[in-house]
Every structure is written in structure tokens, then in C-alpha cells.
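Each chain is listed here by its residues.
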Amino acid sequence: MTYDPNNIFAKILRGEIPCHKIYEDERVLAFNDINPQTPTHVLVIPKGAYASFDDFSEHASEAEIAALVRAAGKIARDAGLAATGYRILANTGRDAHQDVPHFHLHIFAGKDLGRMIKPAEK
Ligand code: 5GP
């Protein structure tokens, strides 16, 4: 997947589209999902131009990777989610239905999330 600089999260990073910001540092931005699937649904993205987890895990620096993981944990802790639990998910590519081609982690929380993944119809 090649990086499209006009994807919606790139526009959010450039300030061209608003977001409800939850967290920001030098390398990471987090904001509420516009169409939340759970009572808490936060998207955590690197500021670097990475199209997917595949791209990020291969090409991001150690500092960028550490920053994203540290930020996701801090966001969850600061929101009080560690006590009741949460789920982190990164849809990657076609079969995972990744819609936005800028790498992002979803943080889901605020209710019983059920067990893992419901298989799609065959
Ligand atoms: P994906 O399917 O790529 O893993 O998830 C993309 C997510 O981005 C979806 O949950 C969708 O609701 C969210 N999203 C799409 N457009 C916007 C937007 O303009 N603003 C925000 N905050 N979230 C968006």
C-alpha cells in the first residue's frame, strides 16, 4: 500500500480537518473516532507518513515505534481504562478492511468487548 498524502488522517495532521484531540506529542496524535464502535473509541496515529502497520513496523524508527506504544498505554491509563480493560486493534490491508491508509491503532473500551474476532461469512 503506497502512502496517499491526501488521506483523511493526513488532512487531520495538517489541520485541514478538525478532530477531537485526546493526546499529542512530537511523534503521535490521538483523537476520538468520528463513528465510535464502543463508548470509548480512540484512534492513535504516528505523525510520520506510514500507510499501515506493515509499513510502520518495517520503516519507522525505534523512537517512533516506542512513542506510539508509550502514547497508547498512557492514553488508556489516563482515561482510566486499565482497571476495566480495553482492546487495541490495527486493521492492516484488504482482508482486515483497513479504510484509512495512514497507520492507526484503535483503542476500544467502555463495555464488555466480547472475545476476540467474529468471523466474516464465508
Ligand atoms: P480502519 O477501518 O481504517 O481501521 O478505521 C478507520 C476509522 O477512521 C474508522 O473507525 C472511521 O470511523 C474513522 N474515521 C474516518 N474518517 C474520520 C474522520 O474524518 N475523523 C475521525 N475522527 N475519524 C474518522
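Our structure is the block above this text.
The text that follows walks through the structure, step by step, so that each part is easy to find. (Residues numbered from 1 in each chain as written. Predicted model: local features only at pLDDT ≥ 70, side-chain atom pairs only at ≥ 80, totals over all residues. Heavy atoms only, no water.)

1. Section: the sheet that holds strand E4 (residues 86-89)
Counted only if it meets this: Only strands that DSSP links by at least two bridges are regarded as paired with each other. Strands are runs of DSSP state E lasting at least two residues, helices are runs of H or I lasting at least four, and both sets are numbered from the N terminus onward. Axis lines are fitted to C-alpha atoms, over the contacting stretch for helices. Their N-to-C directions set the angle, which ranges from 0 to 180 degrees.
The strand order across the open sheet built from five strands is E1-E2-E3-E5-E4, with neighbouring strands paired in antiparallel fashion. A single partner strand is all that each edge strand has here, and the edge strands are strand E1 (21-24) and E4. Strand-to-strand twist in this sheet, taken as the mean axis angle between neighbours without regard to direction, amounts to 20 degrees. With four bridges connecting them, E4 and strand E5 (residues 105-109) associate as antiparallel partners.

2. So, the packing of aromatic side chains
For any two aromatic rings, the description comes down to two numbers: the centre-to-centre distance and the angle of the planes. Under the convention used in this document: Put simply, two rings from Phe, Tyr or Trp (the six-membered ring, in Trp's case) pair if the centres are within 6.5 Å, and we call them stacked under 30 degrees between planes, edge-to-face over 60, tilted for the rest. Throughout this description, buried means an accessible area under 20% of the type-specific maximum (1.4 Å probe, protein chains only), exposed means over 50%, and partly exposed covers the range between.
Tallying each qualifying case throughout the model produces four aromatic pairs. Here tyrosine 50 and phenylalanine 56 contribute two aromatic rings whose centre-to-centre distance is 5.3 Å and whose plane-to-plane angle is 80 degrees, an arrangement assigned as edge-to-face. Assigned by exposure class, tyrosine 50 and phenylalanine 56 land together as buried. Each residue in the set Tyr50, Phe53, Phe56 and Phe103 is aromatic and connected to the rest through ring pairs, giving one cluster.

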